[in-house]
Amino acid sequence: MSSCTSEVPAITPRQTLQGHTDWVNGVVHLHAKRQVITCSGDRSLRLWDLENSTQIGEDWRDEEDKAKVRSMALSPNGKTIASGCYDKKVRLWNIETRKVIAKWLGHTDLVYALCWSGDGKRVLSGSWDGTARVWDVESGETVLMIKTGHQWVNAVIYSPHATRIATGGLDEDAVKIWDAKTGDLHNTLKHDYQVLSLAWTLDGKRLISGSHGSIRIFDTATWQVAAVLDGHQYWVYSISLSINDRFFASASDDKTARLWNLDTNLPIGLPLQHEDEVDCAALSTDGKLLVTGCENTNAYTWDIQVILKEAGLEDLLPPLSDVAAQEPFMDVRATQAMDDELSPDFFNDVTHGANSSGTYGNYHRSSSRRPRPIAPSFGSASVLFGHLLSPFRRSHSNTDRSTELQQRPRRSIFSRGPRVVEVAAVKDREVIFTAPPPPEKKQQETQPQASASQPAPSTNPTTPPKYKHSLPVRLLARLALLLFCCASPQHANENAQPTQQQQGQGKLQASPSQTQPTAPSESVLLVALDSTHPAAPVVASV
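Residues numbered from 1 in each chain as written. Predicted model: local features only at pLDDT ≥ 70, side-chain atom pairs only at ≥ 80, totals over all residues. Heavy atoms only, no water.

Draft legend 1. Structural view of the overall build of the protein. Scanning the protein for helices and strands turns up ten helices and 29 strands. Burial status across the protein gives 44% buried among its 542 residues. Across the protein, the fraction of contacts at a sequence separation of at least 24, relative to all contacts at a separation of at least 6, is 48%. A total of about 28800 Å² of accessible surface is found on the protein, and carbon and sulfur atoms cover 50% of it. (Helix = DSSP H or I, 4+ residues; strand = E, 2+ residues; numbered from the N terminus. Buried < 20%, exposed > 50% of the residue type's maximum accessible area, 1.4 Å probe, protein only. Contact = heavy atoms within 4.5 Å. Areas by Shrake-Rupley, 256 points an atom, 1.4 Å probe, with all protein chains shown as cover.)

So, in structure tokens, the structure goes:
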């Protein structure tokens, strides 16, 4: 009689990264790339291409000090690696050049653990000399040293806002919570054995520790144990959290890595079997890939998305919005987001001068989409009406200029078609002439003559106080001009060009006979509120 038994197939790694000649002690994923960096006891760091499972370039080595590398951490901006070595030094590596750019001295024993602060200005290190140090990245100086009471400091980590430091180690088998500025001890979380790994959820509500055979989850509001996760048989060397705090991976010297559901505190799927002890594990930003480092000198990649899908837990993966938020260079993304937010023709109808300074009152905007002409041109009646109402827009003195840039233009109810009326550019209710102004000395010489030849009070060039009349009066004058322009088809289809002689003069001459536009084919209305008579529109012939 035969019996049929079904065996669950073991989960196999997706890739094997071969090249190191000693234990693989650390691994980090590079931002927005299918690349990882590993460190090893063979005194090297190596860059790997996950598309084809090959090493990129030569080994990274510090030729001056050939020390074994025990720990590694990636800076928040993804440009620098901090490594901890057996020669008691902390090194900084430039990822682009793959060279050591700094060496920090201070510890007196192996540097076993490292962590960056969220702002990238500090590096936290833990050593088997029993201390934790906070290093200033710019100066390379130790700004805080904590004598932890551990014989060995095996794990260090910052809280999400870098206000607390957690350490774990041998002797006084516990996790200790310290003030990140003063180094004062706040809490001691006892364990049965030494603590080898730590992880802090991004919301700051849970602290996870790895020790012998078990993983503890602490509620940081009360510092009480919220859960104990059993499954590993020996020491838990590494913990790697997903960016949405929904699941995590652990690595152990029982030759396995495991996945855990943080919603239920239960294991996910079968253990990931290795040939030897597993020293490190790191989840990718999107949570779909796990890389583990093994004492058999190899690193392995595992398809976490497939494992979660088979377990019916694919919803534990971070949403794309969370993944994008974790990528570096926020300033670049903010610029791109703003560029996508604005419609392509947002700046098309705005007058551009030779100096695109971005000053809102002058309506200057620099556009990267295409160059704009210097000459003023308003493409539609809606744009003209928008400029007529500009005093109201500028009256909000507390409006932030960056907010104004992101606002979409509103269509005017007067937008009806291709009627085009060219008017002089307006700068804060004053006429802007495109021709160069005459020298100041010449203007001063001509003022007495104009005063003598024009004795009438209404044409006296003496400048009264600016904006004598109220804003509604000025607005009505502009509105009257708009209605006149819309009702005059002859003006909408003609463009007047100033003669060469008038361009040399650089100014307009107004007379009472020109107040009636008797020859529209030979003139253009240049309309603004004259700075000398703020209430009266100026109608001049060119």
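Draft legend 2. View of unusual backbone geometry. In this model, Ser53 sits at a positive phi of 60 degrees, which is unusual for a non-glycine residue. By the element assignment, Ser53 lies in the loop between strand E4 (45-49) and strand E5 (54-60).

Draft legend 3. The arrangement of the sheet that holds E5 in detail. The strand order E2-E3-E4-E5 describes an open sheet built from four strands, whose pairing is antiparallel. Of all the strands in the sheet, just strand E2 (24-29) and E5 have a single pairing partner and so form its edges. Averaged over all adjacent pairs, the angle separating strand axes in this sheet is 20 degrees, with direction ignored. The pairing of E2 with strand E3 (residues 35-40) spans five bridges and is classified as antiparallel. Bridging across to E3, Val27 finds its partner in Thr38. (Pairing = 2+ DSSP bridges. Axes fitted to C-alpha atoms, helices over the stretch in contact; angles between N-to-C directions.)

Draft legend 4. Broad picture of the pairing of strand E15 (residues 164-170). Here E15 lies mainly inside the structure; six of its seven residues are buried. Hairpin connection, strand E14 (residues 152-158) to E15: the antiparallel pair is bridged by five residues, and Ala162 has positive phi, about 60 degrees. Note that E15 and strand E16 (residues 174-179) share six bridges and pair antiparallel. Along E16, the bridge assignment pairs Gly168 with Val175. The hairpin turn running from E15 into E16, its antiparallel successor, is three residues long, and Asp171 in that turn takes a positive phi close to 70 degrees.

Draft legend 5. Spotlight on the confidence of the model for the protein. Residues with a pLDDT of 70 or more make up 60% of the protein, whose mean pLDDT is 73. Segment residues 490-542 is flagged for pLDDT under 50; beyond a separation of four residues in sequence, or across chains, it makes 81 contacts in the model. (pLDDT = per-residue confidence, 0-100.)

Draft legend 6. The nonpolar core, seen in detail. Counting residues in each nonpolar core, the largest one holds 25 residues, and the members touching the most others are Leu124, Ile165, Ala166, Val175 and Leu207. For this core, the elements supplying multiple residues, two or more each, are strand E10 (111-116), strand E12 (131-136), strand E13 (142-147), E14, E15, E16 and strand E18 (197-200). Filtering out sequence-adjacent residues up to four positions away, Ile165 remains in contact with Leu124, Val134, Ile146, Ile157, Tyr158, Lys176, Ile177, Trp178 and Ala180. If you look at the next biggest cluster of nonpolar residues, it comprises 19 residues, including Ala251, Ala257, Ile268 and Ile304. (Core = buried A, V, L, I, M, F, W, Y, C linked by side-chain atoms within 4.5 Å.)

Draft legend 7. Quick look at the pattern of salt bridges. A complete count under the given rule lists 18 salt bridges for this structure. In this structure, Lys103 and Glu64 form a salt bridge, with 3.1 Å as the shortest nitrogen-oxygen distance. Remark: Glu64 occurs in the loop between E5 and strand E6 (69-74) and Lys103 occurs in strand E9 (residues 99-104); sequence separation between them is 39 residues. Classification of Glu64 as exposed rests on a relative accessible area of 67%. In this structure, Asp65 and Lys89 form a salt bridge, with 3.0 Å as the shortest nitrogen-oxygen distance. (Salt bridge = Lys/Arg side-chain N within 4 Å of Asp/Glu carboxyl O.)

Draft legend 8. Seen up close, the sheet that holds E18. Spatial strand order, E18-E19-E20-E21-E22-E23-E24: seven strands in an open sheet with antiparallel pairing. Lying at the two open borders of the sheet, with one neighbouring strand each, are E18 and strand E24 (266-273). Each adjacent strand pair in this sheet contributes to an overall mean axis angle of 25 degrees, direction not counted. Bridge count between strand E19 (residues 206-210) and strand E20 (residues 212-219): five bridges; the pairing is antiparallel. Counterpart to Arg206 in the pairing with E20 is Asp219.

Draft legend 9. Looking closely at the side chain of Thr292. Mapping Thr292 onto the fold places it in strand E26 (residues 289-294). Engagement of the side chain of Thr292 in a polar contact is seen with the side chain of Trp302, the distance being 3.0 Å. The residues touching Thr292, leaving out its near neighbours within four places in the chain, are Ala257, His274, Val278, Cys280, Ala281, Asn298, Ala299, Tyr300 and Trp302. (Polar contact = N/O pair within 3.5 Å; in protein donor to acceptor, adjacent residues only side chain to side chain.)

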